[in-house]
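Reading the structure
Below are the chains, spelled out letter by letter.
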Amino acid sequence: AVTDETRQAVQDALFQALNSVDSAFTSEPSVADGAIISSQTANEESKKLQFTGDVLEVATQILIQKYGVSILPDANEVLNELNAGNTEARKKRSADSLEEVSMEDSDSEESNFVEGLRQKRQSRNRRQGGGGGGRGSSGGQGSHGGRSGEDGRKKRNSAENPPPPPPPPGGKGGDYSNPQTNQTCQGPPAQCSDPVHDRIRSITGYCNNRGKPTQANSVTAIRRLLGTTSYTDGLGAIRNTSVTGAPLPSARQISNKLHDEGSSPNFSPSINHLHMQIGQFIAHDIIFMPSSTAKDGSSLNCTSCSSPTTVSSNCAPIPAPADDKYFKPVSSTEARCIRLTRALNGQSGFGVRTQIDQNSHYLDMSSVYGSSDCEARTVRSFVNGQLATYNAMGYALPPQAKNDSNCQSTNPYYCFTAGDFRNSLHPGLLPLHTVFIKEHNRLAVMTKSAKPSWNDEQIYQFVRRVMVAQWQHIVYNEYLPKLLTDKYMTDFNLKTMKPGAGAFTGYSTSMNAALSGEFAAAAFRFGHSQSRQDFARQDASNKTIKTYDLGYNIFYTDELYKVSSGGWETMLMGLIKTAAMQVDRYASFPIRNQLFEIRGKNASGVDLISVNIMRGRDVGLLPYVKYRSLVGLTSVNTWNDLSSTFSAANLAALKTVYADPADIDLFTGLVMETPLAGGQLGPTASWIIAEQFRALKTGDRFYYENQVANTVGFTPQQIDVIRRVKLAKIFCQNTDIITSINTDMFDLNSSQVSCSSIPDIDLNKLF
Ligand code: HEM
Ligand SMILES: [Ca+2]
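Keep in mind that this is a model prediction, so the values were computed, not measured.

Parameters and conventions
Residues numbered from 1 in each chain as written. Chains lettered and ligands numbered in written order. Predicted model: local features only at pLDDT ≥ 70, side-chain atom pairs only at ≥ 80, totals over all residues. Helix = DSSP H or I, 4+ residues; strand = E, 2+ residues; numbered from the N terminus. Buried ≥ 20, exposed ≤ 12 C-beta atoms within 10 Å, placed from the backbone. Contact = placed C-beta atoms within 7 Å. UniProt positions renumbered as here; feature names shortened; annotations may be inferred. Near = placed C-beta within 6 Å. Nonpolar A, V, L, I, M, F, W, Y, C, P; charged D, E, K, R; others polar. Pairing = 2+ DSSP bridges. Expected span 1.5 Å × (residues − 1). Axes fitted to C-alpha atoms, helices over the stretch in contact; angles between N-to-C directions. Parallel < 35°, antiparallel > 145°, perpendicular 65-115°, else oblique. Left-handed = near helix turned anticlockwise from the far one by under 90°. Core = buried A, V, L, I, M, F, W, Y, C linked by C-beta atoms within 7 Å. pLDDT = per-residue confidence, 0-100.

With that out of the way, let us pick up the overall build of the protein. Along its length, the protein carries 25 helices and twelve strands. Buried positions account for 52% of the 767 residues belonging to the protein. Intrachain contacts of the protein at a sequence separation of at least 6 include 74% that bridge at least 24 residues.

As structure tokens, then:
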């Protein structure tokens, strides 16, 4: 049983940590909105977790220093008591210093004890006219809600969310709004037994698993494939030392030596650039790992090599070698670093640092519909089930985001609002956002005419269900088979079934769909090697109108506004008709040098490959060799042990940077494995990716081929309707210039058929 001494020790450590984190944050230099361009902007819900996480990280260190690691299990029990608002435990608090806060806290509705304290301090600061309190909202994010638990509902208040638009009209069937408050922002009923959870997949993922309602929700922790991390102190300190005792090579050094595509880029002979683009769209559905922010919610400026001590302990800048060709030294006396902010620490207990996924982990079109209920509202028109669009160019685009300070192009070339904040990261993403919005609206029109009495909410929810089903079918039936071998597709139960085969029976309530850190921070970033430097625009007759350079267009959207170049449709054609880069260890120049670069200002951006490698260390991924056991590969003691999975050339290259095979970073190891015959990646990368897509399929109660008790899915005949869906037809239906298209969507050399020969989705069978 937990002793009173432990209770006291935990409380002392928490208050000490609270003070130290508070004062550390106060000294953070503030950065003007938009000064640091980033794709991983934290929303308000994530920021709250960060403060708690940072306090718990420091408190853990204090406890371990005083009492050793053995105190942690009891300490976590105390924390649970505190979080539960256990009054008995509260009464036992005796220290004078705690009294004031304890009394203040007693009326808090906050279920998270540390967050409750923060809110109290903030309001006290405000009363006393002190500064340093309110965390403003960060630029460009709009209103993200998110849900960290059942009580997330209570703690959201009007100060944090914009004034809600009028609630959608209530109606029978499919009404998602909370009956208690009648605000969709506050999500569906908390009880997973409520019939609404039979019918509707929540935006956050809440109640998808009825036994574990918050599992795989937006703003919850990632999984670890081996249950452990590589932090040097076992808690959160970044791995920086080789097993030989020497310092690890800098991530930029590794990128320069192993990942530079040089002057002869390898194009894929068979896979088109669309495969790259759909891969990124999938990533933006299932993973958004936010970066740490400054106390006021603004971005941290982690540019200088000294930023970990002068700016924030959440800075992890990447040193560039003195002879770097692009990131040259700042001056003869100051080395150059590539900026990197550590992924936000969302640990909710004493122990190891934990990163979170701000999107719903499920494969549920978060990039279209959003991952919090507030965000979901920002993309709807609330008329006849339609999503909002911007039409001034004579063609549809997502609505403009006029206050997005992260956007590099300015008035009139605003960035856009979509379900995922990264929609305007580069122009190639927008054609997909637009196509799926248009497809939603097309189905909404068909639904309205078939069901004239349905209200906006009913149409929206029905169409969203069909859209997610189509999307899942496309990912498992068209995208993944081009990436993984037939054996992996079979072994991990990833194959979709043929029409007439009945329902899928693999759903398991014990399968956790949450993203693994290994997938998010390493394996699925393989796609960075698929991106070309030049993105083509092609007209209806496959003539290249022009190309645009990726490095010149990161977070710039002016290409989308070019009517004379055919708007987004010619970009989509270009993606279909040009080759992807080969999946290999090499990345194109913009990926390796120009991410977030300001036009005309060399080296103002970052190297995405270095970031991948450093991100892996930041989130505590183990070195590559540790993951080989998952696939049954030999354990590795010497370089020779790698010779069956790596080419001689790659092995020789690895030896030029790493002192020992046990040091190899996971991202680098995965993209350097020899690809399996019939797949694009090696055995370990394929395993990590296949494992994730199995979790997303068999752990999703609403997966489209399922028939699960008390879950409104599709009948076997309706499942067959979805099984006949082709991405090609969705492109045909939602573009003006495409009249004939690939029979095999991602095949560069595919034969063509006329759009009219591909049947449209038989929506009437789905009502
Ligand atoms: C032009 C193409 C692309 C660009 C410019 C791009 C850019 C980025 C950037 C800036 C990040 C954040 C890195 C960090 O801070 O850790 C990122 C993360 C990521 N990217 Fe890409 N990417 C591209 C294509 C792809 C593709 C094709 C895939 C997959 C097939 C992919 C998968 C991922 C994943 C899984 C992450 C981690 C996301 C997260 O942790 O939230 N990316 N990418
Ligand atoms: Ca999702």
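A word on the UniProt feature "binding site: heme b" (unreviewed entry) in the protein. The feature "binding site: heme b" (unreviewed entry), as annotated in UniProt, sits at His528 in this numbering. Position of His528 among the secondary structure elements: in the loop between helix 17 (517–521) and strand 8 (534–538). A tally of 24 C-beta atoms within 10 Å means that His528 is categorised as buried. For His528, the contacting residues outside a window of four places in its chain are Ala587, Ile591, Leu608, Ile609 and Asn612.

With that settled, consider unusual backbone geometry. Between Asn411 and Pro412 the backbone carries a cis peptide bond, its omega angle lying at 5°. Structurally, the position occupied by Pro412 is in the loop between strand 6 (400–401) and strand 7 (415–416). With a phi close to 70°, Cys207 is a non-glycine residue in the positive phi region. Structurally, Cys207 is set in the loop between helix 8 (196–199) and strand 1 (220–221). Among the residues examined, Cys207 registers 28 C-beta atoms within 10 Å and is labelled buried. Residues other than glycine seldom take positive phi values, yet Phe555 does so here, at roughly 65°. Looking at where Phe555 falls in the secondary structure, it is placed in the loop between strand 9 (544–549) and helix 18 (567–577). Note on Phe555: 24 C-beta atoms within 10 Å, which makes it buried.

Bringing the site of ligand 1 into the picture now. Neighbouring ligand 1 are 23 residues; Gly279, Gln280, Ala283, Met289 and Gly527 lie closest to it. Sorting the residues of the shell around ligand 1 by element identifies helix 10 (273–286) and helix 20 (608–618) as the ones contributing at least two each. Among the residues making up the shell around ligand 1, the classes are represented as twelve nonpolar, nine polar and two charged.

For the rest of this paragraph, the subject is the pairing of strand 9. Here strand 8 pairs with strand 9 via five bridges, running antiparallel. Opposite Ala536, over in strand 9, you have Thr547 as the bridge partner. In sequence, strand 8 turns back onto strand 9 through a hairpin of five residues, with Asn542 there showing a positive phi of about 65°.

Along the chain, the position of Arg628 falls in the loop between helix 20 and helix 21 (648–657). Sequence-wise, Arg628 and Trp687 are 59 residues apart; in three dimensions their C-alpha atoms are separated by 9.5 Å. Leaving out residues up to four positions away in the same chain, Arg628 has contacts with Leu633, Ser635, Val636 and Thr684.

Let's shift gears to the environment of Gly620. Mapped onto the secondary structure, Gly620 falls in the loop between helix 20 and helix 21. Residue class for Gly620 comes out buried when judged on the 25 C-beta atoms lying within 10 Å of it. Gly620 sits twelve residues away from Leu608 along the chain, and the two C-alpha atoms are 18 Å apart.

Turning to helix 15 (residues 456–479), a few remarks are in order. Given a rise of 1.5 Å per residue, 24 residues ought to cover 34 Å, and the 32 Å separating the end C-alpha atoms of helix 15 matches this to within 8%. Summarising burial for helix 15: 20 of the 24 residues are buried, a large majority.

Turning to the packing of helix 14 (residues 430–450) against helix 18, a few remarks are in order. For the pair helix 14 and helix 18, interaxial distance at closest approach is 9 Å and the crossing angle is 110°. By the angle class used here, helix 14 and helix 18 are roughly perpendicular. In this structure, the crossing between helix 14 and helix 18 has a hand that is left-handed. Between helix 14 and helix 18, the residues in contact are Leu430, Pro431 and Thr434 and Trp568, Met571 and Leu572, respectively. Classifying every residue of the contact of helix 14 with helix 18 by side-chain character gives five nonpolar, one polar and no charged.

Take the packing of helix 14 against helix 15 next. Interaxial distance between helix 14 and helix 15 falls to 9 Å at its minimum, and their mutual angle equals 125°. Considered as vectors, helix 14 and helix 15 are oriented oblique to each other. Crossing hand, helix 14 versus helix 15: right-handed. Of the residues in helix 15, those in contact with Glu439, His440, Leu443, Ala444, Thr447 and Lys448 of helix 14 are Ile459, Phe462, Val463, Val466 and Met467. Grouping the amino acids of the contact of helix 14 with helix 15 by side-chain chemistry returns seven nonpolar, two polar and two charged.

Look at helix 23 (residues 683–698): 22 Å from first C-alpha to last across 16 residues, which is about the 22 Å you get at 1.5 Å a residue. Within helix 23, 14 of the 16 residues are buried, which leaves the element mostly enclosed by the surrounding structure.

Our next topic: the nonpolar core. Leu480, Ala523, Leu670 and Ile689 are the most contacted members of the largest nonpolar core, which totals 166 residues. It is helix 15 that provides the largest number of residues to this core, a total of 13 residues. Setting aside residues up to four positions removed in sequence, Leu670 forms contacts with Ala522, Ala523, Phe526, Tyr624, Gly682, Thr684 and Ala685. Formed by 21 residues, the second largest nonpolar core is a distinct cluster that contains Leu18, Leu56, Leu82 and Phe113.

A separate point is the environment of Glu334. The residue Glu334 is located in the loop between strand 3 (318–319) and strand 4 (337–338) in this model. Using a count of 11 C-beta atoms within 10 Å as the deciding quantity, one classes Glu334 as exposed. Sequence separation between Glu334 and Ser304 is 30 residues; the distance between their C-alpha atoms is 9.3 Å.

Next up on the list: the confidence of the model for the protein. In the predicted model, the protein carries a mean pLDDT of 89, and the fraction of residues at 70 or more is 88%. Taken together, the stretch residues 130–174 has pLDDT below 50 and engages in 120 contacts with residues farther than four places along the chain or on a different chain. The low-confidence segment residues 178–184, where pLDDT is below 50, has 18 contacts with residues more than four positions distant or belonging to other chains. Confidence metrics for the complex model read pTM 0.92 and ipTM 0.99.

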